[in-house]
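Below, each chain spelled out in residue letters.
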Amino acid sequence: MADIRIHTPIEQVPAIRKRIIPSLKRLGIKTIRDLLFHFPSRYEDFSNLKTVQTLEAGETVTIQGYVKRVTNRRTPRKRMFLTEAVINDGTGNIKALWFNQPFLVRNIKSGNIVSLSGKVAWGQGGLYLQNPAYERIHNSEFKTTSSQGTHTGGLVAMYPETEGISSRWLRYLIKSFLSFRKELADPLPSETRKRHMLSDIYTALQNIHFPQNTQEAEGARRRFSFEQMLFIQLRALKERMRLKKFSAPAISLNLPLLKKFVNSLPYELTDAQRRSVWEIVQDISKPRPMNRLLEGDVGSGKTVVAAAASLLAIQEGYEVAFMAPTEILAKQHYSTLEKILHPFGVRVGLLTGSEKNKRSNTLLCVGTHALIQKNAHFKNLGLVIVDEQHRFGVEQRAQLAKNSSGSLPHFLSMSATPIPRTLALTVYGDLDLSILDELPKNRREIITKIIGPGKREETYQFIREGVKRGGQAFVICPRIEVGGQGLKIGKISQQKLLLADTKTVKEEYKKLSEKIFPDLNVGILHGKMPAKGGSASGGKSKEQTMKEFKEGKIDILVSTSVVEVGVDIPNATIMVIEGAEKFGLAQLHQFRGRVGRGEHQSYCFLFPTENGLVTKRLRAVVEAKNGFELAEKDLEIRGPGDLFGIRQWGVPDVVLADINNARLVREVRVAALELIKKDPSLTGYPLLLEELKRSHTLHLE
Ligand code: ADP
Ligand code: MG
């Protein structure tokens, strides 16, 4: 262990078994430091230290005692391993039962003194401990007042796990290497720590993994959360300062043109759209780069707002780059923009991974990431619009505008994640915000219903009638959960997941096309289909399928949830979501937004799995009228930790619990401003600077 340091890669640490290295890597743990910064997602409260005599069924307790005997056997019917131990603590005997952990007999032997934590259950032979956490303890620890151990007693950290590594393993590893934290210097300046009452990194690391009590755990979490929020704020402030050094084209606010554009539209803009257009065109009329987020629910009409700004830029001879997250969406934007800007003589280009040639001589270019990667050769880029991507640094902007030194294009990002202002502030730092908080008036509310198993036939009949009247339907199939505890991360598992998803969607397709709707045209869309063209075996591509759906050749489209269904199908009036309880609220809301784009009454049917629960969450989807309302309900039901789609934004987990804590957010902002005011370049805080460079979580890579 002599030359092992905190930054030593885990492969070079003999004490870490080779077998678990891939699992650690899947968790993003590459060094000992990463291991120490792998934080628990919650704690199990095992602080209720009891004697056998006083146990009651249902409570979670810790008991300590001598092992009288341990045995392994197989259960007769289910062919599982059952390990049974009898513990005596001087007040009586209690049984502990474990399923499928036969190796346990190697760790716990009769005569050992152990500490066990878990739930007290009532069985045939009386009270017993159900699958308790366990550890051996020394005689000296036995019957001390504190119940604190590594795996039992006190508060025990539970980690987000992955295949092949349990919380128990992680606790063990972290405990073994915790002393290496001495090598870390604290990136938080001591004055900031003092003023805002934050513990130092040394204490905080100890307490986040092995807290003696809730206050310690909470204090540690607050420190790291504060720290991460501070990094976000500082990065944003620095970025803003950096942006200020650049100039940008001042695009004159051509009011007559703007009026002409608005009047040319086949609909009236909503007040929110007018307000947002106004905010944007004012911003881009200044010779400083705009940095603005346009936020609005699905269907709130963000595209036309972006188009208005684009038109002004193009009119002055500037190029506009419009980036979409997928090829299908890029094409949709392409045809929308083409339609609404054509009367103004604007030609639109398209540049995606597979479409490269439509770029010549156009001022407005729509595309995917290929816009950056394929070097679109902009000469005079005035405005960059990015749909559904959350961050776009100075770097990327500069990359797009290679030729214009000292000048940057204006930037508008668009997002359908409804997020209240305080949250936006936390997540985005100092980005300017325009909000579309109202849907176009012609929009009818989408009728959302939870469909129980008894109502399936009736609903299919309703869908059939809807289709006969000229409507179309989406059927979304659930993602498959692989393994026990939630979704696994990592490339291999994602591949497995894709295969499993494809399988369900194929089965659903077969059922619907052959049994339920043999008289209708049912189509299928999944991630294993080629993006473009048709395959030799006659299989269709995603593009072809979407085209047929759009043209009305397909009545019902069965699709996986991972496939982008963001395409505008005005005739689609019915959305069916199978296994609805398995989706997050944000996702359900996004799916629902795929219908109701036309003038007809639309429906969203939520089908829970057969034994799935009709959860509060599903009811919230039925009740909430828009994304903002739903976001608030989500907060209420699940607590801030799981907030609506926030995880996608790249917010560090430790921040999640505080993300809607307006007081803390304000306090962090004050701290950030204090630091920047005192030392704008932060060169007096080298550790802080290093940390800012290290964590680029919010930047698009
Ligand atoms: P999103 O905000 O989800 O990107 P879009 O820009 O795709 O929304 O707009 C959704 C649909 O609403 C489009 O078909 C668009 O033409 C239409 N639309 C946009 N604004 C209005 C409006 N003010 N009145 C009526 N329809 C509108
Ligand atoms: Mg959109």
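If you're wondering where the values come from, they're calculated on a predicted model, not measured in any experiment.

(A) View of the sheet that holds strand β6 (residues 126–136). Taken in spatial order, the five strands close into a barrel running β2-β3-β4-β6-β5, and their pairing is mixed. Adjacent strand axes in the sheet meet at a mean angle of 50°, parallel and antiparallel pairs treated alike.

(B) Looking closely at the site of ligand 1. Ligand 1 sits among 17 residues. The nearest are E268, Q273, G299, T303 and R443. Contact distances for ligand 1 include 2.8 Å between a nitrogen atom and a side-chain N or O atom of Q273. Across the complex, the protein chains shield 84% of the 570 Å² of accessible surface that ligand 1 would expose by itself. Class assignment for the residues of the shell around ligand 1 results in four nonpolar, seven polar and six charged.

(C) Focus on the confidence of the model for the chain. Mean pLDDT over the chain stands at 84; residues scoring 70 or higher make up 82%. A low-confidence stretch, residues 640–644 (pLDDT under 50), is modelled with 23 contacts involving residues beyond four sequence positions or located in other chains. Throughout residues 697–701 the model reports pLDDT below 50, and contacts reaching past four residues in sequence, or to other chains, amount to 18 contacts.

(D) Spotlight on the nonpolar core. Core analysis: the largest hydrophobic core is formed by 45 residues, its most contacted members being F261, F322, L337, L341, L364, V366 and I385. Per-element tally for this core: the top contributor is helix α10 (residues 302–315), with ten residues. Excluding anything up to four places from it in sequence, I385 contacts A306, S310, V320, A321, F322, M323, L412 and M414. One finds I165, L184, L205 and F224 within the second-largest nonpolar core, a separate group that totals 31 residues.

(E) A look at the pairing of strand β4 (residues 93–99). When strand β3 (residues 81–88) meets β4, the two strands line up antiparallel, connected through seven bridges. Bridge pairing in β4 links N88 to N93. Adjacent in sequence and paired antiparallel, β3 and β4 are bridged by four residues, among which G90 carries a positive phi angle near 95°. Alignment of β4 against β6, held across three bridges, turns out to be parallel. Within the sheet, the bridge partner assigned to K95 lies in β6 and is Y128.

(F) Molecular detail of the environment of V576. In this fold, V576 is placed in strand β19 (residues 572–578). According to the relative accessible area criterion, V576 is buried, its value standing at 2%. For V576 and Y603, which are 27 residues apart along the polypeptide, the C-alpha to C-alpha distance reads 8.4 Å. Filtering out sequence-adjacent residues up to four positions away, V576 remains in contact with I463, F474, V475, I476, F605 and F607.

(G) Representation of the packing of aromatic side chains. In total, this model carries 14 aromatic pairs according to the counting rule given. Ring plane angle 85° and centroid distance 5.2 Å describe the contact between F583 and F591, whose orientation is recorded as edge-to-face. The class for F591 is buried, based on a relative accessible area of 5%. One aromatic cluster is present, built from ring pairs that chain together F37, F39 and F224. A cation sits over an aromatic face here: K175 above F210, 5.0 Å from the ring centre. One cation-aromatic arrangement involves R181 over Y202; the distance from NZ or CZ to the ring centre is 3.9 Å.

(H) Main features of helix α19 (residues 616–623). Those residues of α19 not exposed but buried are R617, L618, A620 and V621. Each buried residue of α19 lies within a common arc of 155° when the element is viewed along its axis, so the set occupies one face.

(I) Structural context of the side chain of T270. Within the element layout of this structure, T270 appears in the loop between α8 (255–264) and α9 (271–284). Discounting chain neighbours no more than four positions away, the residues touching T270 are E438, L439 and P440.

(J) Up close: the packing of helix α7 (residues 214–245) against helix α23 (residues 686–694). One way to put it is that α7 packs onto α23 with a least axis distance of 10 Å and a crossing angle of 90°. The angle between the axes of α7 and α23 places the two elements in the roughly perpendicular class. Contacts from F231, L234, R235 and K238 of α7 reach α23 at L688, L689, E691 and L692. A class-by-class count of the residues in the contact of α7 with α23 yields five nonpolar, no polar and three charged.

Definitions and cut-offs
- Residues numbered from 1 in each chain as written.
- Chains lettered and ligands numbered in written order.
- Predicted model: local features only at pLDDT ≥ 70, side-chain atom pairs only at ≥ 80, totals over all residues.
- Heavy atoms only, no water.
- Pairing = 2+ DSSP bridges.
- Helix = DSSP H or I, 4+ residues; strand = E, 2+ residues; numbered from the N terminus.
- Axes fitted to C-alpha atoms, helices over the stretch in contact; angles between N-to-C directions.
- Near = heavy atom within 4 Å.
- Polar contact = N/O pair within 3.5 Å; in protein donor to acceptor, adjacent residues only side chain to side chain.
- Areas by Shrake-Rupley, 256 points an atom, 1.4 Å probe, with all protein chains shown as cover.
- Nonpolar A, V, L, I, M, F, W, Y, C, P; charged D, E, K, R; others polar.
- pLDDT = per-residue confidence, 0-100.
- Contact = heavy atoms within 4.5 Å.
- Core = buried A, V, L, I, M, F, W, Y, C linked by side-chain atoms within 4.5 Å.
- Buried < 20%, exposed > 50% of the residue type's maximum accessible area, 1.4 Å probe, protein only.
- Phe/Tyr/Trp six-rings, centres within 6.5 Å; stacked < 30°, edge-to-face > 60°.
- Lys NZ or Arg CZ within 6 Å of the ring centre and 35° of its normal.
- Arc of directions from axis to C-beta.
- Parallel < 35°, antiparallel > 145°, perpendicular 65-115°, else oblique.

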